[in-house]
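Reading the structure
One-letter residues, chain by chain:
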Amino acid sequence: TGSAMETDDGLELQFATNVLGSFVLMRELLPAFSRGARVVLVASQLANGLKLDDLQSHTLQPYHPIAVYSASKQAVRMLAAEAPKHGFSDAGVVVSACHPGVVTSELLQALGIATGPDRAEMAAQTPLKLALGAPPPESGTYHVDKKPHPCKFATDVGAREELWRRCDELANKCIRESEVKA
């Protein structure tokens, strides 16, 4: 276990990095994307435990970095599945998510795992295939080992919609507050 880290905006760091950052980036760039563009979200097979009423894991006591990481990666997989309904399909933009692999890194070590079994070159193959391969992946899908993989979190449409709504509200709040500070 460890202690929760927060951004300057008061957001839980893993949620801000893994979920809200990519959410805001893809949402704000949508008008600039051309048809055929692709968004690849980095998720994980280690995904579970997301609580829609506690997206930033504030009630998790004691703070457990792996549990928070797992919840954030569940959210990423759900957002990829939900994105087609929020203008991405209409714009011809494919959104997919993937598990790239488990590579030894500072992040892995911060989660309390000393080493990962995958080499970086191998871990890059799935995201690269999604970003550049032909044909493009189906929008809203999750991939492991360069292949589509069923995602149990994609089937709960109500939870996906609620997550998108909450991320949208939180992103808008953070953007408004940063504009006021500027």
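These numbers were taken from a predicted model, which means no experiment stands behind them.

1. A few points about the overall build of the protein chain
- Per the secondary structure count, the protein chain includes 6 helices and 4 strands.
- Start at the N end of the protein chain and walk to the C end: the helices and strands fall as α-β-α-β-α-α-α-β-β-α.
- Only carbon and sulfur atoms are counted for the fraction: they give 56% of the accessible area of the protein chain, which is about 9,800 Å².

2. With respect to the sheet that holds strand S4 (residues 147–148)
- If you walk across this open sheet you meet the 4 strands as S1-S2-S3-S4, and the pairing is mixed. The sheet is open, and its two borders are formed by strand S1 (38–42) and S4, each paired with just one other strand.
- Across 3 bridges, the pairing between strand S2 (residues 94–99) and strand S3 (residues 142–144) is parallel. Pairing of Ala97 across the sheet is with Tyr142, part of S3.
- Contacts between helix H2 (residues 65–82) and the sheet are confined to S1, S2 and S3, with S1 contributing the most and set at about 160° to the helix.

3. What to know about the environment of Val157
- Inspection of the secondary structure assignment puts Val157 in helix H6 (residues 157–181).
- On the basis of relative accessible area, Val157 is assigned to the partly exposed category, the value being 36%.
- In this structure the C-alpha to C-alpha distance between Val157 and Met78, which are 79 residues apart in sequence, comes to 8.9 Å.
- If we skip the residues at most four places from it in the chain, Val157 touches Glu82 and Lys85.

4. Here's the deal with the pattern of salt bridges
- With the rule as written, the count across this model stands at 9 salt bridges.
- Lys85 is the salt-bridge partner of Glu161, the closest N and O atoms lying 2.5 Å from each other. Note that Glu161 is positioned in helix H6 and Lys85 in the loop between H2 and S2, a separation of 76 residues in sequence.
- Overall, the relative accessible area of 44% leaves Lys85 in the partly exposed class.
- Shared partners join several salt bridges into a network, and the residues in it are Glu82, Lys85, Arg160 and Glu161.

5. A look at empty space enclosed by the protein
- Per the stated rule, a full pass over the model turns up 1 cavity of 30 Å³ or more.
- If you add up the space inside the largest cavity, you get close to 30 Å³.
- As for the largest cavity, its lining consists of Glu12, Phe15, Leu50, Leu55, Ser57, Val68, Ala71 and Ser72.
- By residue class, the composition of the lining of the largest cavity is 5 nonpolar, 2 polar and 1 charged.

6. Thoughts on the pairing of S1
- Residue alternation in S1 divides its side chains into a buried set, Val39 and Leu41, and an unburied set, Arg38, Val40 and Val42.
- Bridge count between S1 and S2: 5 bridges; the pairing is parallel. Note that in S2 the partner of Val42 across the bridge is Cys98.
- Taken together, S1, H2 and S2 constitute a β-α-β crossover, and its handedness is right-handed.

7. So, the environment of Val144
- Residue position: Val144 is located in strand S3.
- Note: C-alpha distance between Val144 and Gly101 (43 residues apart in sequence) is 8.2 Å.
- Those residues within four positions of Val144 in sequence are excluded, and the remaining contacts are Gln45, His99, Thr126 and His149.

Scoring rules and cut-offs
Residues numbered from 1 in each chain as written. Predicted model: local features only at pLDDT ≥ 70, side-chain atom pairs only at ≥ 80, totals over all residues. Heavy atoms only, no water. Helix = DSSP H or I, 4+ residues; strand = E, 2+ residues; numbered from the N terminus. Areas by Shrake-Rupley, 256 points an atom, 1.4 Å probe, with all protein chains shown as cover. Pairing = 2+ DSSP bridges. Contact = heavy atoms within 4.5 Å. Axes fitted to C-alpha atoms, helices over the stretch in contact; angles between N-to-C directions. Buried < 20%, exposed > 50% of the residue type's maximum accessible area, 1.4 Å probe, protein only. Salt bridge = Lys/Arg side-chain N within 4 Å of Asp/Glu carboxyl O. 1 Å grid on protein atoms, 1.4 Å probe; cavity = no way out; pocket = protein on both sides within 12 Å on 5 of 7 lines; lining within 4 Å. Points joined across faces, edges and corners; volume = space filled by probe spheres on them. Nonpolar A, V, L, I, M, F, W, Y, C, P; charged D, E, K, R; others polar. Right-handed = clockwise from strand over helix to strand, strands pointing away.

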